[in-house]
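Descriptive structure summary
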Amino acid sequence: GERLRRDVWMLAQIVRGFAAKAAVMRTPDKSDRWAGVDSFRFIKEFLAYFRAMGYSLLRANDYPRFDQFIAAMTSLEETDLLDPGRLANAVTECEAFYSFLISLFDSISHREERAGTPFDRRAAAEALKMYLG
């Protein structure tokens, strides 16, 4: 119930943040492009969060693009160079995953047992901040 709703919301924020930063990383002419080492650390951190939080959520909720998402994320780990094509594919998959998570969040929020229970975004944001350390 409430914990699932919070976890889905938190994972959605992590995925959205990753997609936004990865989109910047793949644009070489931007002045705010990340250095290679920071980029890889960022990707590894995202994958660690995903494995800790997202994997079971995806499986339990039958995400239809599960295989494509996992393949895109895995391909980022398989190279020592930031490959713009792989990064672009990861961004696309993250955007699709984010949409799925928000739809899932909305559907959990509208279930009978949740009806009339407002979502505490502040508490969820605090939990996310603690989780990300």
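Residues numbered from 1 in each chain as written. Predicted model: local features only at pLDDT ≥ 70, side-chain atom pairs only at ≥ 80, totals over all residues. Heavy atoms only, no water.

1. Thoughts on the side chain of Q13
Relative to the helices and strands, Q13 is located in helix α1 (residues 2-25). According to the relative accessible area criterion, Q13 is buried, its value standing at 17%. Among the polar contacts made by the side chain of Q13, one reaches the side chain of R16 at a distance of 2.8 Å. (Helix = DSSP H or I, 4+ residues; strand = E, 2+ residues; numbered from the N terminus. Buried < 20%, exposed > 50% of the residue type's maximum accessible area, 1.4 Å probe, protein only. Polar contact = N/O pair within 3.5 Å; in protein donor to acceptor, adjacent residues only side chain to side chain.)

2. Notes on the pattern of salt bridges
Across all of its chains, the model carries five salt bridges by this definition. Between E2 and R5 there is a salt bridge, with the nearest N and O atoms lying 2.9 Å from each other. You can see E2 and its partner R5 sitting in helix α1, three residues apart, about one turn around the helix. Measuring nitrogen to oxygen at the nearest pair gives 3.4 Å for the salt bridge that ties R3 to D7. Of this pair, R3 and D7 both sit in helix α1, four residues apart, roughly one helical turn. Overlapping salt bridges, with partners in common, bring together R3, R6 and D7 in one network. (Salt bridge = Lys/Arg side-chain N within 4 Å of Asp/Glu carboxyl O.)

3. A look at the packing of helix α3 (residues 66-77) against helix α4 (residues 84-109)
α4 packs onto α3 with a crossing angle of 145° between their chain directions and a minimal axis gap of 9 Å. In this structure, α3 crosses over α4, and the sense of that crossing is left-handed. Counted together, Q68, F69, A72, M73, S75 and L76 of α3 and R86, L87, N89, A90, E93, C94 and F97 of α4 form the full contact between these two elements. (Axes fitted to C-alpha atoms, helices over the stretch in contact; angles between N-to-C directions. Left-handed = near helix turned anticlockwise from the far one by under 90°. Contact = heavy atoms within 4.5 Å.)

4. Some remarks on the confidence of the model for the protein
On average, residues of the protein score 81 in pLDDT, and 83% of them reach the 70 mark or higher. A low-confidence stretch, residues 30-34 stays under pLDDT 50, and its non-local contacts, those more than four residues away or across chains, total eight contacts. (pLDDT = per-residue confidence, 0-100.)

5. Notes on the side chain of D7
With relative accessibility at 17%, the residue D7 sits in the buried group. Not counting chain neighbours up to four residues away, the residues in contact with D7 comprise M53 and L57.

6. Observations regarding the nonpolar core
By size, the foremost hydrophobic cluster in this structure holds 40 residues, and its most contacted members are F18, F46, F69, M73, C94, F97 and L101. If you list the elements that add at least two residues to this core, you get α1, α2 (36-60), α3, α4 and α5 (121-132). Top element by residues in this core is α1. It accounts for eleven residues. (Core = buried A, V, L, I, M, F, W, Y, C linked by side-chain atoms within 4.5 Å.)

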